[in-house]
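Reading the structure
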Amino acid sequence: MTNFVWHNPVKLVFGKGTIAELPNLIPAGTKIMLAYGGGSIKANGVYDQARAALAAYDITEFGGIEPNPRYETCMKAAAIVKQNGIGFLLAVGGGSVLDATKFIAVAALYDAGDPWDIMEGRKPVERALPLATVLTLPATGSETNTFAVISRDATGEKLAFGSPHVYPQFAILDPETTRSLPLRQVENGIIDTWAHVMEQYMCATDHSALTLRQSEAVLKTLIELAPKVKADPADYTTRAELMWCATVGLNGSLGLGAAAQDWATHMIGHELTALYGIDHGRTLAVIMPAVHRFQITRKQPRLAQCAARVWHITQGDDATRAAQAIEREQAFFQSVGVPTTLSAYNIDAADAARQVAARLAARNAKLGEYGDLGEDEVRAIIALAQ
Ligand code: NZQ
Ligand code: ZN
């Protein structure tokens, strides 16, 4: 078990009717920007609830943040924040709205040139405006973490940054807001949560026995919930448990005690979204089984552990059980309703392998828990996903 420091300061306000708590969470007199996406919050009543709760506040709205939020849109919002002297950003929507809001919070105070430099890792984040969220889509874990993923039209890049300065001050999670999600987004959220757990769990490195069991608990809960949410999408308890899983999946706790984390699937997945426009969660369903197959030998002990504890496979030696864990993972993604091959998206694997590997190599990216998966290995992984 490796040393760690963990400080997650996000106040989580979870449950039915919690949007009404907003005035108890934001100081009176604060000038707020209410950021949102393409209009789902207006259709499902979340906007009305937030505006009613914040009736006494001076609010500037900024709508139209896209899925896979664009730098160009964020920069427009940052200019409005500066012009209007806004002191607090409230993201109401999914992970994209929240990630954009994190970037806007940094960009609005940034005076050292182009804030895109932060995305490319050339400049540190030194400060950000305070922000918070009313989250309507359980998937990214962005509500209790330091990360944001932003895309840029001019370069076709999709990059991530992380900084403690962009921890939300609070996150309101009302599971009732998720009832209006299209099935595709529910599916994406289940896969994304699974993948976040696995990126921290399925590593051929030292880890904490307790943290591993906590990860297995999330995986097993997702396996139980996936058919339930499809059979009865209106059930509150299922929605609430899914939302809690997504938060735990990437609030930092499941990496505690681990010597390293994988994240190769996410790095490749982000490139597939940038190149082909595939939803984030769907890229992970294609790539994660391939990443695990490519490294089946060195990940064998953890894969076999997953087979036994998550899938209850007790027969066979470690090699057999490791292979079965990957097969079950892939079958689970398919049962959720998400394709696991590039050909399902009419994408030529050889073309994808060439382009993704070249883009990652141009950034000198070395993936995986050992940081040793380079251009050749990425090409080989993508070939396994055809
Ligand atoms: O834009 P609106 O109209 O709000 O519609 C959204 C959007 O079309 C809709 N939606 C959200 N909540 C809804 C709803 N529709 C009906 N009812 C609701 N309650 O869903 C669509 C997708 O929303 P989006 O925010 O894009 O989805 P998600 O939360 O999956 O976020 C994906 C983004 O997060 C990044 C991804 O790369 C991608 O850009 N990630 C962020 C991470 C982080 N910050 O830690 C980690 C993840 O690995 C991921 O990379
Ligand atoms: Zn993800």
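Residues numbered from 1 in each chain as written. Chains lettered and ligands numbered in written order. Predicted model: local features only at pLDDT ≥ 70, side-chain atom pairs only at ≥ 80, totals over all residues. Heavy atoms only, no water.

Things to note about the coordination of the zinc ion (ligand 2)
Coordination sphere of the zinc ion (ligand 2), protein contribution only: D192 (OD), H196 (NE2), H266 (NE2) and H280 (NE2), at 1.9 to 2.2 Å. In the primary sequence, the donor residues of the zinc ion (ligand 2) line up as D-x3-H-x69-H-x13-H. Taken together, the residues span a long stretch of sequence, with H196 in helix α7 (residues 183-201) and H280 in helix α11 (residues 280-294) at a distance of 84 residues. Of the two residues, H196 and H280, both sit in the buried class. (Donors = N, O, S within 2.8 Å, 3.2 Å for Na, K, Ca; no water. Helix = DSSP H or I, 4+ residues; strand = E, 2+ residues; numbered from the N terminus. Buried < 20%, exposed > 50% of the residue type's maximum accessible area, 1.4 Å probe, protein only.)

A look at unusual backbone geometry
Backbone geometry at N68 places phi at a positive 55 degrees, although glycine is not the residue there. For N68, a relative accessible area of 25% corresponds to the partly exposed category. One non-glycine residue, H312, adopts positive backbone phi at about 60 degrees. Topologically, H312 is positioned in the loop between α12 (300-309) and α13 (318-336).

A few points about the sheet that holds strand β2 (residues 31-35)
Two strands in a sheet stick together by hydrogen bonds in their backbones, pointing the same way (parallel) or opposite ways (antiparallel). Spatially, the six strands line up as an open sheet ordered β1-β8-β5-β4-β2-β3, and their pairing is parallel. Sheet topology places β1 (11-14) and β3 (58-62) at the edges, where each strand pairs with a single neighbour. Each neighbouring strand pair of the sheet contributes to a mean axis angle of 20 degrees, computed without reference to strand direction. By the bridge criterion, three bridges tie strand β5 (residues 131-135) to strand β8 (residues 170-173) in an arrangement that is parallel. Considered in β8, the bridge of T133 is made with A171. In this fold helix α4 (residues 71-84) packs onto β2, β3 and β4 (88-93), with an angle of close to 160 degrees to the strand it touches most, β3. (Pairing = 2+ DSSP bridges. Axes fitted to C-alpha atoms, helices over the stretch in contact; angles between N-to-C directions. Contact = heavy atoms within 4.5 Å.)

Brief notes about the site of ligand 1
Not every one of the 33 residues close to ligand 1 is listed here, only the nearest: G38, S40, G95, S96 and S180. Between ligand 1 and T177, the relevant distance is 2.9 Å, taken from a nitrogen atom to a main-chain nitrogen or oxygen of the residue. Bound to the protein, ligand 1 loses 90% of the 970 Å² it would expose on its own. Residue assignment for the shell around ligand 1 shows that the elements contributing at least two residues are α5 (95-107), β6 (147-152), α7 and α10 (264-276). Grouping the constituent residues of the shell around ligand 1 by class yields ten nonpolar, 20 polar and three charged. (Near = heavy atom within 4 Å. Polar contact = N/O pair within 3.5 Å; in protein donor to acceptor, adjacent residues only side chain to side chain. Areas by Shrake-Rupley, 256 points an atom, 1.4 Å probe, with all protein chains shown as cover. Nonpolar A, V, L, I, M, F, W, Y, C, P; charged D, E, K, R; others polar.)

Some remarks on the packing of α10 against α11
When two helices pack together, you describe them by how their axes are tilted relative to each other and by the distance separating the axes. Orientation of α10 relative to α11, taken along the N-to-C sense of each, is 135 degrees, at an axis distance of 8 Å. Considered as vectors, α10 and α11 are oriented oblique to each other. Read as a crossing pair, α10 and α11 show a hand that is right-handed. Note on element contacts: α11 touches α10 through H280, T283, L284, I287, M288 and V291, opposite A264, T265, H266, I268, G269, H270, L272 and T273. Looking at the contact of α10 with α11 residue by residue, the classes come out as seven nonpolar, seven polar and no charged. (Parallel < 35°, antiparallel > 145°, perpendicular 65-115°, else oblique. Left-handed = near helix turned anticlockwise from the far one by under 90°.)

Some points on the pattern of salt bridges
In the structure shown here, the tally under the stated rule is 22 salt bridges. Taking the shortest distance from any N to any O, the salt bridge between D318 and R321 comes out at 2.9 Å. Taken together, the residues span about one helical turn, with D318 and R321 both in helix α13 at a distance of three residues. Note that D351 and R354 form a salt bridge whose closest N and O atoms lie 3.3 Å from each other. Remark: R354 and D351 occur in helix α14 (residues 349-362); sequence separation between them is three residues, near one turn of the helix. Among the residues examined, D351 registers a relative accessible area of 23% and is labelled partly exposed. Taken together, the shared-partner salt bridges connect D117, E120, R122 and K123 into one network. (Salt bridge = Lys/Arg side-chain N within 4 Å of Asp/Glu carboxyl O.)

Focus on the side chain of E187
Residue placement: E187 occurs in helix α7. In this view, E187 contacts K230, R282, V336, G337 and V338; residues no more than four positions away in its chain are not counted.

Considerations on the pairing of strand β7 (residues 157-162)
Consecutive side chains along a regular strand alternate between the two faces of the sheet. Direction of pairing for β6 relative to β7: antiparallel, over a ladder of six bridges. Bridge pairing links V149 to A160 in β7.

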